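The chain contents come next:
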Amino acid sequence: MQAQRGVALIMVLVLLASTAMIGISAMQGSLLENKQAASYRAAALVQMASEGVAVKLLADPANSALSSCTGYSDWGAFNAFGNLHPAVQLECRQCVGSLAGHCPGPGDRQDVVIDGMTVEHSVAAAVLLRAQLVDEARARVVSSRTLLITHLNDETDTSSTVRWQAL
């Protein structure tokens, strides 16, 4: 009788240890999923903020906020559209030099297809817009995105066009 009680105790301890291991692994899986969801949310928020600013600039190419960026050679605060997504920091600077060959200079020519027709435009200015979500508690960038915004002039009808692309 005494030997059977010892075996039952060992069996219960084995079952308890195995259920604890299953519970711990399930908790680790849910923590990983939570981190992935937070990372996806941060990336989506930064993307929406940067594209929201680009759409606002597309609506008004003569916007002074765009021309003010061309004066910055280093990243400068871009407060003109900061109220769109207050959690995201927006910064801009002029696009000069070679950034993987993406920086067109003033006066460069670019072909733009409008309504199926190719129209040659000259580059008036090119700026970089950086949107980033910063975790202030840890002082680190959670997610970041950079857009190249090109301000183009068409000499034939004196219209102004803004184009943007993600880098």
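One can find the structure itself at the top, above this paragraph.
Thresholds, definitions, all that
- Residues numbered from 1 in each chain as written.
- Predicted model: local features only at pLDDT ≥ 70, side-chain atom pairs only at ≥ 80, totals over all residues.
- Heavy atoms only, no water.
- Helix = DSSP H or I, 4+ residues; strand = E, 2+ residues; numbered from the N terminus.
- Buried < 20%, exposed > 50% of the residue type's maximum accessible area, 1.4 Å probe, protein only.
- Contact = heavy atoms within 4.5 Å.
- Areas by Shrake-Rupley, 256 points an atom, 1.4 Å probe, with all protein chains shown as cover.
- Lys, Arg positive; Asp, Glu negative; His and termini not counted.
- Charge placed at Lys NZ, Arg CZ, Asp CG, Glu CD.
- Disulfide = S-S within 2.5 Å.
- Pairing = 2+ DSSP bridges.

Student: What exactly am I supposed to notice about the overall build of the protein here?
Tutor: Along the protein, the regular secondary structure elements total two helices and six strands. Taken over the C-alpha atoms alone, the protein extends approximately 105 × 35 × 30 Å along its principal axes. Counting every position in the protein, which comprises 167 residues, the buried fraction comes to 29%. For the protein, contacts bridging at least 24 residues in sequence account for 52% of all contacts bridging at least 6. When the accessible surface of the protein is summed, it comes to about 10700 Å², and 58% of that surface belongs to carbon and sulfur atoms. For the protein, the separation between the mean place of its 11 positive charges and that of its 14 negative charges on side chains is 18 Å.

Student: Help me out: how do you make sense of the state of the cysteines in this one?
Tutor: Cysteine pairs can be linked by a disulfide, which is a covalent bond between their two sulfur atoms. Evaluation of the coordinates by the stated rule reveals two disulfides. The disulfide that involves Cys69 links it to Cys92, with 2.0 Å between the sulfurs. On the sign convention where negative means left-handed, the S-S torsion of about -95° between Cys69 and Cys92 marks this disulfide as left-handed. Taken as a pair, Cys69 in helix H2 (residues 64–69) and Cys92 in strand S2 (residues 88–94) lie far apart in primary sequence, 23 residues in all.

Student: Looking at this model, I keep getting lost on the pairing of strand S5 (residues 140–154). Mind explaining?
Tutor: Consecutive residues of a regular strand have side chains that alternate between opposite faces of the sheet. Relative to S5, strand S4 (residues 117–135) is paired through 13 bridges, and the arrangement is antiparallel. Its bridge partner lying in S5, Ala131 is registered against Arg145. Hairpin connection, S4 to S5: the antiparallel pair is bridged by four residues, and Ala139 has positive phi, about 55°. Sheet topology places S5 next to strand S6 (residues 159–166); eight bridges connect them, and they run antiparallel.

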